[in-house]
Amino acid sequence: MVPIGLLRHADSPRLNGESAEHIRALAEADADLPPILVHRETMRVIDGMHRLQAAIMNGRTEIRVQYFDGAVPDAFVAGVRANISHGLPLSLADREASAERILRTHPQWSDRAIAEAAGLASTTVARIRSHSADAAAQQDVRVGRDGRSRPINAAAGRRLAGELFATRPGASLREIAELAGISPATAMDVRDRLARGDDPVPAKLTLAERKDDAAPPTVGRLRPNKQAPDPEVILQKLQRDPSLRLNDNGRLLLRWLNSRSLSSRDWAGLEPQIPAHCVPLIAELALGLAEEWAQLADALKRRAHSESA
């Protein structure tokens, strides 16, 4: 039991803070709640602010605590993990913002490791990483969920292993694997390839490298210093295009685009009128729709790139 007065407010992954409704529900519940998680070094709450506020509401001066020992960035990760495993779920926006922060503090972690911590798909983390302006987030070697380091570019790891076999003929497979950031099995394959006089990198990996180098950049979210395209101007251009106006499929596409277009002039007057309890849901919907449009834009960019090649 720890005096509540010694505790500091949480460094919470919740963008909108605690839910007053959830606090009241916990305060009224006749149940023995689990201990809250606290960072021992700073006495900051990692997980359990709703339980803490409920205890304060009930007039308590002490609360049960479980301590976390570790660095501040690791404490935040522990808080995110705790919040996605129990209690009031984190929103998609909360989880994506948490992933962005974990990318800044743990850039060496793989997409899957961050996805597991933040409760997201690894593809979502990969998209967040690709849009990150932080150079540290673009690591050549990343640590997976099993704690092992692996190169993002498998071909580069194989080439390094090939060089190490040449310069360290007495080194063991495990030593070469650790130095090159590859598995012992891959190191053995590289050694066998070199013994046969083959390239240490299989042809399929070399081909994949070339494709990656030639791939067009994906469509990222607009940065503040970039001007957003005007949907109305683009729609007017499309509506004047005879190849769309003069056939059934083209007209269907135009109607579909018109029904799904949205500009700030459309929503600026509506936003203040949205009921407060609907705001989180509509924000989630907007993020989901934006992600779908971004995927469509990426597909079209790839098609334009392949047709112009």
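Everything numeric here is computed off the predicted structure, so don't read it as measured data.

Novice: Any details on the overall build of the chain? Residues and values, ideally.
Specialist: A tally of helices and strands in the chain yields 15 helices and seven strands. Relative to its 309 residues, the chain shows a buried fraction of 30%. Taking all contacts inside the chain whose residues are at least 6 apart in sequence as the whole, residues at least 24 apart take part in 65%. Carbon and sulfur atoms form 55% of the exposed surface of the chain, whose accessible area is close to 19700 Å².

Novice: Explain unusual backbone geometry to me, using residue names and the numbers behind them.
Specialist: With the exception of glycine, most residues fall at negative phi, and the peptide bonds are largely trans. Look at methionine 43: it is not a glycine, yet its phi comes out positive at around 60 degrees. Among the secondary structure elements, methionine 43 is positioned in the loop between β2 (36-39) and β3 (44-47). Using a relative accessible area of 17% as the deciding quantity, one classes methionine 43 as buried.

Novice: Mind laying out the sheet that holds β2, listing which residues take part and the relevant values?
Specialist: Hydrogen bonding along the main chain pairs the strands of a sheet, whether they run parallel or antiparallel. Read from one edge to the other, the open sheet built from three strands follows the order β3-β2-β5, with strand pairing classed as mixed. This sheet does not close on itself; its edge strands, each paired only once, are β3 and β5 (65-68). Between one strand axis and the next, the sheet turns by 40 degrees as a mean value, whatever way the strands run. Of the pairings in the sheet, the one linking β2 to β3 comprises three bridges and is antiparallel in character.

Novice: Lay out the confidence of the model for the chain in plain terms, naming residues and giving numbers.
Specialist: Summary statistics for the chain give a mean pLDDT of 79 and a share of 81% for residues scoring 70 or more. Confidence drops under pLDDT 50 across residues 215-225; counting only partners more than four residues distant or on other chains, this segment forms 18 contacts.

Novice: Quick rundown of the side chain of aspartate 94? Include the residues and the values.
Specialist: Mapped onto the elements of the fold, aspartate 94 is located in helix α4 (residues 92-105). Looking at aspartate 94, its side chain comes within polar contact range of the main-chain nitrogen of leucine 15, at 2.9 Å. At 3.1 Å, the side chain of aspartate 94 and the side chain of serine 91 are in polar contact. Dropping the residues within four chain positions of it, aspartate 94 is found in contact with Pro13, Arg14 and Leu15.

Novice: Residue-level account of the nonpolar core, with values.
Specialist: Looking at soluble globular proteins, one finds that nonpolar side chains tend to be buried together. Core analysis: the biggest nonpolar cluster contains 16 residues, and Ala99, Ile102, Trp109, Ile114 and Leu120 have the highest contact counts within it. Elements with a minimum of two residues in this core: α3 (72-85), α4, α5 (111-118) and α6 (122-130). Of all the elements, α5 adds the most residues to this core, at five residues. In terms of nonpolar packing, the next biggest core, distinct from the first, is built from 13 residues, Ala10, Ile36, Val38 and Ile63 among them.

Novice: Account for a nonpolar patch on the surface, naming residues and giving values.
Specialist: A contiguous nonpolar surface patch, about 630 Å² in accessible area, is contributed by Leu253, Trp256, Leu285, Leu289, Trp293, Leu296 and Leu300. At the level of secondary structure, the elements contributing two or more residues to the nonpolar patch comprise α13 (248-260) and α15 (279-308). Sorting elements by how many residues they give to the nonpolar patch places α15 first, with five residues. Structurally, tryptophan 256 can be placed in helix α13. Assessed through its relative accessible area of 34%, tryptophan 256 is described here as partly exposed.

Novice: Lay out the environment of aspartate 199 in plain terms, naming residues and giving numbers.
Specialist: Note on placement: aspartate 199 falls in the loop between α9 (184-196) and α10 (203-214). Judged by its relative accessible area of 46%, aspartate 199 is partly exposed. Spatially, the C-alpha atoms of aspartate 199 and glycine 162 are 8.9 Å apart, while their sequence positions differ by 37 residues. Only 2.8 Å separates the side chain of aspartate 199 from the backbone nitrogen of valine 201, close enough to count as a polar contact.

Novice: Give a detailed account of the environment of threonine 105, specifying residues and quantitative values.
Specialist: By the secondary structure assignment, threonine 105 is in helix α4. At 2.7 Å, the side chain of threonine 105 forms a polar contact with the side chain of histidine 106.

Novice: Report on α9, specifying residues and quantitative values.
Specialist: Given a rise of 1.5 Å per residue, 13 residues ought to cover 18 Å, and the 18 Å separating the end C-alpha atoms of α9 matches this to within 8%. Where α9 terminates, the next one or two residues include glycine 197, which has phi positive at roughly 85 degrees.

Scoring rules and cut-offs
- Here the residue numbers are simple positions, counted from 1 along each chain's written sequence.
- It should be noted that, the model being predicted, local features are given only for residues of pLDDT at least 70 and side-chain atom pairs only at 80 or more, the latter also being counted only at that level, while totals for whole chains, interfaces and linings use all residues.
- To get the side-chain values, take all heavy atoms of the structure and skip hydrogens and water.
- We count a stretch as a helix when DSSP gives it H or I for four or more residues in a row; a strand needs E for two or more, and each element gets its number in order from the N terminus.
- Each residue's exposure class comes from its accessible area (1.4 Å probe, protein chains only) as a fraction of the maximum for that residue type: buried when under 20%, exposed when over 50%, partly exposed otherwise.
- The contact rule is simple, with two residues in contact once any of their heavy atoms fall within 4.5 Å.
- Accessibility throughout is a Shrake-Rupley quantity obtained with a 1.4 Å probe, and a residue counts as covered only by protein chains that appear here.
- At least two DSSP bridges between two strands are required for those strands to pair.
- Geometry is summarised by axes, namely lines fitted to C-alpha atoms with helices restricted to the contacting stretch, and by angles between N-to-C directions that run from 0 to 180 degrees.
- The pLDDT score gives, residue by residue, the confidence of the prediction method on a 0 to 100 scale.
- Distance and chemistry together define a polar contact, namely a pair of N or O atoms within 3.5 Å, with one atom able to donate a hydrogen and the other to accept it when in protein, and with adjacent residues in sequence counting only for side-chain atoms on both sides.
- Here the nonpolar core consists of buried residues drawn from Ala, Val, Leu, Ile, Met, Phe, Trp, Tyr and Cys, with membership extended through side-chain atoms lying within 4.5 Å.
- Here the term patch refers to residues with relative accessible area over 30% and no salt bridge, with like charges joined within 9 Å and nonpolar side chains (Val, Leu, Ile, Met, Phe, Trp, Tyr) within 5 Å.
- A carboxyl oxygen of Asp or Glu within 4 Å of a side-chain nitrogen of Lys or Arg is what we treat as a salt bridge.
- To estimate how far a helix should reach, multiply one less than its number of residues by 1.5 Å.

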